[in-house]
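Notes for the structure review
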Amino acid sequence: MDVLNGQARVYKRISWDCHDPIAPSKESIAMDLTGSPFTFSDTRNKFTAIGCDTIALFVGSTDQSYSTGCVSICNDNTTFSNGSCFGAGCCQTSILPGLQFFNITFSSTGHKDISWDNPCSFAFLVDGSWYSFRTTDLNETDFYDRNDGRVPMVLDWSIGDVGCEEARQNSTSYACRSNNSRCLNATNGIGYLCNCSSGYQGNPYVEGGCEGLPLSSLTMQPMCFFPFAWLLTSALRIRFNRL
């Protein structure tokens, strides 16, 4: 949990689609945060799909008014490289801000031209700083097994359903309790966050929680150094003039 930046990291199961001519199997994963103070971080997360002949869909609203997707194509002649996720074996795309719901599915037309070395596709919303494509992720269920079927994602959170200006008008419910705190409007969704004022640190959500030197004291420190610096410079100037 990152209190200052209003973020939390959670783990969520991976959606998968494994092709078998006799008994194909798949699992689609959904997550609903409606009614909570959380939204899926649009700045930290990436919708990601790995596999060959893979078409993964990300439905980001309960009424299906927003969808995006990823297509990953490869064959026997495709060259893969670790860290590369641009459509050959791996694909990533951004999501819209303000989302509180998603459902990940696979297109029925995808994953037909596959090899038995790569029978599965995987799709997930993931912390972009955590995931880096490995060529071994295409080896059957290696990626799924290595991560125990889960990946981390980042949630943004905020307080209430109004911005700072309106929140300050209700001193009873206003969450920025420390005198040395400031209010910041949420950048993803509605509500606000609290931070300590510049020059202070601690917990802005409790009375007296932000402590430290005020900024005015910090800016005085270079001035205290000035007389010593002036004397040192003068002494050096006199010394070099005598040489």
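The rules we used
- Residues numbered from 1 in each chain as written.
- Predicted model: local features only at pLDDT ≥ 70, side-chain atom pairs only at ≥ 80, totals over all residues.
- Heavy atoms only, no water.
- Helix = DSSP H or I, 4+ residues; strand = E, 2+ residues; numbered from the N terminus.
- Buried < 20%, exposed > 50% of the residue type's maximum accessible area, 1.4 Å probe, protein only.
- Contact = heavy atoms within 4.5 Å.
- Areas by Shrake-Rupley, 256 points an atom, 1.4 Å probe, with all protein chains shown as cover.
- Pairing = 2+ DSSP bridges.
- Axes fitted to C-alpha atoms, helices over the stretch in contact; angles between N-to-C directions.
- Core = buried A, V, L, I, M, F, W, Y, C linked by side-chain atoms within 4.5 Å.
- pLDDT = per-residue confidence, 0-100.
- Disulfide = S-S within 2.5 Å.
- Phe/Tyr/Trp six-rings, centres within 6.5 Å; stacked < 30°, edge-to-face > 60°.
- Salt bridge = Lys/Arg side-chain N within 4 Å of Asp/Glu carboxyl O.

Looking now at the overall build of the chain. Tallying secondary structure elements over the chain gives 3 helices and 16 strands in all. Across the 243 residues in the chain, those meeting the buried criterion constitute 39%. Sequence separation of at least 24 residues holds for 62% of the intrachain contacts in the chain that already meet a minimum separation of 6. Counting every atom, the chain has about 14000 Å² of accessible surface; 53% of that belongs to carbon and sulfur.

For the rest of this paragraph, the subject is the sheet that holds strand β5 (residues 38-40). Ordered in space as β1-β12-β5, the 3 strands form an open sheet in which the pairing is antiparallel. One side of each edge strand has no neighbouring strand; the edge strands of this open sheet are β1 (7-13) and β5. Averaged over all neighbouring strand pairs, the angle between strand axes comes to 45 degrees, with direction disregarded. Examined bridge by bridge, β5 and strand β12 (residues 150-157) share 3 bridges and lie antiparallel to one another.

Ranked by size, the top nonpolar core spans 19 residues in total, and within it F40, F47, F58, I95, F102 and L125 carry the most contacts. Of all elements in the fold, only β6 (45-50), β7 (54-59), β10 (101-106), β11 (120-127) and β12 reach the threshold of two or more residues within this core. With 3 residues, β10 is the largest single contributor of residues to this core. With 15 residues, the next largest nonpolar core counts C18, F122, F124 and L138 among its residues.

Moving on, we come to the confidence of the model for the chain. Here the chain averages 83 in pLDDT, and 81% of its residues register 70 or above. Confidence over residues 219-243 falls short of pLDDT 50; this stretch has 1 contact with residues more than four positions distant or in other chains.

This brings us to the state of the cysteines. The tally for this structure, following the rule as stated, stands at 7 disulfides. With a sulfur-sulfur separation of 2.1 Å, C164 is cross-linked through a disulfide to C183. Handedness of the C164-C183 disulfide follows from its S-S torsion of about -90 degrees: it is left-handed. One end of the pair, C164, is in helix α2 (residues 164-167); the other, C183, is in strand β13 (residues 181-185), with 19 residues separating them in the sequence.

Most of strand β14 (residues 192-196) is tucked away: 5 of the 5 residues are buried. Both faces of β14 are covered, namely the face carrying Y192, C194 and C196 and the face carrying L193 and N195. As consecutive antiparallel partners, β13 and β14 are separated by 6 residues, and within that stretch G189 has a phi angle of approximately 90 degrees, a positive value.

A complete count under the given rule lists 11 aromatic pairs for this structure. Following the ring pairs from residue to residue traces out a cluster consisting of F122, F124, W130, Y131, F143 and Y144.

A few words now on the side chain of D127. Here D127 lies in strand β11. What makes D127 buried here is its relative accessible area of 0%. If near-sequence neighbours (up to four positions away) are discounted, D127 is found in contact with R9, R44, N45, P152, M153 and V154.

To continue, consider the pattern of salt bridges. Tallying each qualifying case throughout the model produces 5 salt bridges. Note that D127 is salt-bridged to R44, the shortest N-O span being 3.0 Å. Here D127, found in strand β11, pairs with R44, found in the loop between β5 and β6; they are 83 residues apart in sequence, far enough to count as distant. Since its relative accessible area comes to 31%, R44 is described here as partly exposed. By sharing partners, the salt bridges in this structure join R9, R44 and D127 into a single network.

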